[in-house]
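Residue-level structural notes
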Amino acid sequence: MSVPTFEPLAPERRKLPIVELVRCTRCGLPETYETIEFDSAGVCNICRQKEFRDVEIDWPARKKMLADLVEQYRGKHEYDCIIPFSGGKDSTFTLYYLVREFGIKPLVVQFNHGFMRPTLLKNNERTFRQLGVEVLSFTPNWKVVKRVMLESLIRKGDFCWHCHTGIYSYPMHVALKYNTPLIFWGEPSSEYTAYYDYRDDAVEEVDETRFNRFINLGITAEDMAGMISHDFKFDPRDLAPFTYPPVRDLRRLGYRSVSLGSYIPWDVRTQAQLIQDELGWQGDEVENMPPGLYRYEKIECYVQGVRDYIKYLKRGYNRVTQMTALDLRNGRIEKAEADRLVREFENKRPPSLDIFLEYLDITEEEFNNIVLNTVVPPFQPDFDAITPGKKTWDFDMWYREK
Ligand SMILES: [Zn+2]
């Protein structure tokens, strides 16, 4: 694989003036957050969406819709439904809830992005055995994954294209192969973005429109094939797991692809506690997250720390802000404590960056240049303010390329 050449980092871009971002007066999310808008009180649309969710949605009626949907498909196909499964708290809860509440027979479909951590693997095994479910796991070609990670990092400042597209498209292929039209995802996107609003639709469909709108970063598998073909040898079929299947085939199957969170109010903290108590599901530490807090969040992937770091360099915030925003919105944390956590943990370099640079075969200078090209104004990163983060307990168990 030949690495693209990069412009050397201009000295004036190394040290940039600090820009104060406009933030939601309630939850602290900044103006660089995707889809954010502020009203005249300075409160963001995601906070307003939550008020609507809590007050105006008839959740008992939604639950009845869910029961009707399950009955409509029960016993008629190879499986009652497909449940895409990462092993994180949301998909584990979704599987737990549907099996325990409705006695459903699902096919669990797992797309292995290549970075699964030891605690996650243990959790998965325990969950599958405790619930008594059948599981299909798929792992794409690692050489292809590495090349498309580099390409999507360069083009979008987001290396997770293979993961976004694979997680959402592969289960749809499985739905067709196993003649199983009902697909249950977990968390509704209305919880964390305003791409889809609780107000817009009765129930948000997790379909090709959503896939193209914000899952695939605006890059189809065909686009990707064209982008990497000049320097990377591959079989066109290598990219098939990242394509959305033809919608006419899905329509013929009579598919419904929905989020459980459209039918029951989503509460990550309570749900994480429930799967801990009922299934023995375990949280984990995550690079550069406050120790002891949010141990149920994003434990699925050992390059999560790099993803968070890129977000910080591009947009001036990362998951510390997102998690404290959720807690502020729910009245679970004081503003001063949220600000302290953000100050202390957000500007750290993750140790997993070393492993990541090995995979992509690029230098840190090249990495910084790529990220600088995708910075979201008015934010400007200050590399001199970055301090080293701590390794997690399982760092030495992660796959090394060299
Ligand atoms: Zn807000």
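In what follows, the structure referred to is the one given above.
In what follows, the accompanying structure is described. These figures come from a predicted structure and were not determined experimentally.

Rules used in this analysis
- Residues numbered from 1 in each chain as written.
- Predicted model: local features only at pLDDT ≥ 70, side-chain atom pairs only at ≥ 80, totals over all residues.
- Heavy atoms only, no water.
- Disulfide = S-S within 2.5 Å.
- Donors = N, O, S within 2.8 Å, 3.2 Å for Na, K, Ca; no water.
- Tetrahedral: all angles 85-135°; square planar, octahedral: opposite > 155°, others 65-115°.
- Buried < 20%, exposed > 50% of the residue type's maximum accessible area, 1.4 Å probe, protein only.
- Salt bridge = Lys/Arg side-chain N within 4 Å of Asp/Glu carboxyl O.
- Helix = DSSP H or I, 4+ residues; strand = E, 2+ residues; numbered from the N terminus.
- Contact = heavy atoms within 4.5 Å.
- Core = buried A, V, L, I, M, F, W, Y, C linked by side-chain atoms within 4.5 Å.
- Expected span 1.5 Å × (residues − 1).
- Arc of directions from axis to C-beta.

1. Section: the state of the cysteines
- Under the definition given, this model contains 0 disulfides.
- Between C301, a free cysteine, and C160, which holds the nearest cysteine sulfur, the sulfur-to-sulfur gap is 6.5 Å.

2. Points about the coordination of the zinc ion
- Protein coordination at the zinc ion: the donors are C24 (SG), C27 (SG), C44 (SG) and C47 (SG), at 2.3 to 2.4 Å from the metal.
- Around the zinc ion, the 4 donor atoms sit at angles spanning 103 to 114°, and that spread fits a shape best called tetrahedral.
- Sequence spacing of the donor residues for the zinc ion, all on one chain, is C-x2-C-x16-C-x2-C. Note on accessibility: C24 and C27 belong to one class, buried.

3. Here we look at the pattern of salt bridges
- The full count for this structure, using the stated rule, is 33 salt bridges.
- The shortest N-O distance in the salt bridge between K105 and E134 comes to 2.9 Å. In this pair, K105 sits in the loop between α4 (89-102) and β2 (106-111) while E134 sits in strand β3 (residues 134-138), placing the two residues 29 residues apart along the sequence.
- The residue R147 makes a salt bridge to D231 at a minimum N-O spacing of 3.2 Å. Taken together, the residues span a long stretch of sequence, with R147 in helix α6 (residues 142-156) and D231 in the loop between α9 (221-228) and α10 (247-253) at a distance of 84 residues. The two residues R147 and D231 agree in class, both being buried.
- A single network of salt bridges, built from pairs that share partners, joins K89, D90, E297, D308 and R319.

4. Structural notes on the side chain of E300
- You can see E300 is positioned in the loop between α11 (268-279) and α12 (304-315).
- Apart from the residues lying within four places of it in its own chain, the contact partners of E300 are S86, G88, H113, F115, M116, R117 and L120.

5. With respect to the nonpolar core
- Counting residues in hydrophobic clusters, the biggest one holds 45 residues, and the most contacted among them are L66, F93, L95, Y97, L98, F184 and L260.
- Going through the elements one at a time, α3 (59-73), β1 (81-84), α4, α5 (118-131), β4 (182-185), α11, α13 (319-329) and α14 (335-345) are the ones with two or more residues in this core.
- Per-element accounting of this core gives the leading share, 7 residues, to α4.
- Residue contacts for Y97: discarding those within four places in its chain leaves K63, L66, F102, L260 and I264.
- Grouped together as the second largest cluster of nonpolar side chains are 32 residues, L153, C163, I362 and W398 included.

6. Observations regarding helix α15 (residues 352-360)
- α15 sits mainly inside the fold: 8 of its 9 residues count as buried.
- Three or more residues of α15 are buried, namely S352, L353, I355, F356, L357, E358, Y359 and L360.
- Packed against the buried residues of α15 are α6, α12, β6 (348-349) and α16 (364-372).
- Taken from the residues just after α15, D361 is the one with a positive phi, measuring 55°.

7. Digging into α3
- Taking 1.5 Å of rise per residue, 15 residues should cover 21 Å, and α3 covers 22 Å from first to last C-alpha, within 8% of that figure.
- Where α3 is concerned, the buried positions are W59, R62, L66, L69, V70 and Y73. Along the long axis of α3, the arc covered by the buried residues comes to 95°, so they all point the same way. Away from its buried face, by an angle of more than 90 degrees, α3 presents the exposed residues P60 and K64.
- On its buried side, α3 packs onto α2 (45-56), α4, β4 and β5 (256-259).
- G75, located one to two residues past α3, shows a positive phi value of around 75°.

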